[in-house]
Amino acid sequence: MRFLRNAKRVGITAAVTCTMATGLLASTAGSASASTIKNEWIQLCAQGNYPAYVEFPYRGGASSFVVSPGQCQWWNWQSIGIWEPVNVVDSWSGKIIGTEWYNGDYNGLGIGALGSEGGQQRIQTW
């Protein structure tokens, strides 16, 4: 009889712990995906071994200055009122390594230029 009472307690404790852990995960999942970059701001981090910059095809090819490997820079790119592509360019090769869409009215944009020159290159956003 005592064994059954103890087994019941263990089962209830496990169920409560599981429920609490699930609730904790659900409450933190949404906040991790939201960008902390303010509207009309763009951050580029050259996280690979090559310098990079961003360019704006809808703005006549306007671009940022070059960010050196291991560095991050911020710019205030005011909205033009529409969603527009932002290309991340490897400044050594001139190759576009990725494109992300931006509308300063609705979001800010953080971009990491990853990978290595002559190897696989990609972008990551936040």
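Keep in mind it's a predicted model, so treat the numbers as computed, not measured.

The rules behind these values
- Residues numbered from 1 in each chain as written.
- Predicted model: local features only at pLDDT ≥ 70, side-chain atom pairs only at ≥ 80, totals over all residues.
- Heavy atoms only, no water.
- Helix = DSSP H or I, 4+ residues; strand = E, 2+ residues; numbered from the N terminus.
- Buried < 20%, exposed > 50% of the residue type's maximum accessible area, 1.4 Å probe, protein only.
- Patch = residues over 30% accessible without salt bridge, like charges linked within 9 Å, V, L, I, M, F, W, Y side chains within 5 Å.
- Areas by Shrake-Rupley, 256 points an atom, 1.4 Å probe, with all protein chains shown as cover.
- Salt bridge = Lys/Arg side-chain N within 4 Å of Asp/Glu carboxyl O.
- pLDDT = per-residue confidence, 0-100.
- Contact = heavy atoms within 4.5 Å.
- Core = buried A, V, L, I, M, F, W, Y, C linked by side-chain atoms within 4.5 Å.
- Polar contact = N/O pair within 3.5 Å; in protein donor to acceptor, adjacent residues only side chain to side chain.
- Pairing = 2+ DSSP bridges.
- Axes fitted to C-alpha atoms, helices over the stretch in contact; angles between N-to-C directions.

J.: What exactly am I supposed to notice about unusual backbone geometry here?
T.: Trans is the prevailing form of peptide bonds, just as negative phi is the prevailing case for residues other than glycine. Even without being glycine, Glu40 reaches a positive phi, approximately 70°. Here Glu40 shows up in the loop between α1 (2–33) and β1 (41–46). By relative accessible area, Glu40 is classed as partly exposed at 23%.

J.: Mind showing me how you'd approach a nonpolar patch on the surface here?
T.: Together, Tyr58, Ile80, Ile82, Trp83, Trp101 and Tyr106 make up a nonpolar patch on the protein surface, roughly 680 Å² of accessible area in all. With respect to the element layout, Trp83 can be found in the loop between β4 (72–76) and β5 (84–90).

J.: So what exactly am I meant to see when it comes to the confidence of the model for the chain here?
T.: For residues with low pLDDT, the predicted coordinates do not support detailed interpretation. Summing up the model confidence of the chain, the mean pLDDT is 83 and the portion of residues at 70 or higher is 72%. Here residues 13–33 is a poorly scored stretch, pLDDT under 50, and it has zero contacts once near neighbours within four places are set aside; other chains count.

J.: How should I be thinking about the nonpolar core in this particular structure?
T.: Soluble, globular proteins show a tendency: their nonpolar side chains are buried together. Membership of the largest hydrophobic core comes to 18 residues, with the highest contact counts inside it found for Leu44, Val54, Val86, Val88 and Ile111. For this core, the secondary-structure elements that each account for two or more residues are β1, β2 (52–56), β5, β6 (96–102) and β7 (109–115). Once you skip the residues sitting within four places of it in the chain, Val86 turns out to touch Ile42, Val54, Glu55, Phe56, Gly98, Thr99, Glu100, Tyr102, Leu109 and Ile111.

J.: Hey, could you run me through the side chain of Asn103 in this one?
T.: When you line up the elements, Asn103 lands in the loop between β6 and β7. The class for Asn103 is buried, based on a relative accessible area of 2%. Side chain to side chain, Asn103 and Ser79 meet in a polar contact 3.3 Å long. Residues in contact with Asn103, not counting those within four places in the same chain, are Ser79, Gly81, Ile82 and Trp83.

J.: It is not clear to me how the environment of Thr99 should be interpreted in this structure. Could you clarify?
T.: Along the chain, Thr99 falls in strand β6. Here Thr99 falls in the partly exposed class, since its relative accessible area comes to 37%. Sequence separation between Thr99 and Arg122 is 23 residues, and the spatial gap between their C-alpha atoms is 9.5 Å. Not counting the four nearest positions on each side in its chain, Thr99 is found in contact with Pro85, Val86, Asn87 and Ile123. For Thr99, the side chain forms a polar contact with the side chain of Asn87, separated by 2.7 Å.

J.: It is not clear to me how the sheet that holds strand β3 (residues 62–63) should be interpreted in this structure. Could you clarify?
T.: Strand pairing in a sheet relies on backbone hydrogen bonds, with the paired strands running either antiparallel or parallel. Strand order in the open sheet formed by four strands is β3-β2-β5-β6, and the pairing between neighbours is antiparallel. The open sheet has two edge strands with one neighbour each: β3 and β6. With four bridges joining them, β2 and β5 adopt antiparallel strand pairing. Looking at β5, one finds that Val54 is bridged to Val88.

J.: Please explain the sheet that holds strand β8 (residues 121–125) as it appears in this structure.
T.: What the four strands build is an open sheet, ordered β4-β1-β7-β8; its pairing is mixed. Across the chains shown, the open sheet's two edge strands, defined by having one partner strand only, are β4 and β8. Direction aside, the axes of adjacent strands within the sheet are offset by 20° on average. In the sheet, β1 pairs with β4 via five bridges, with the strands oriented antiparallel. Along β4, the bridge assignment pairs Ile42 with Trp75.

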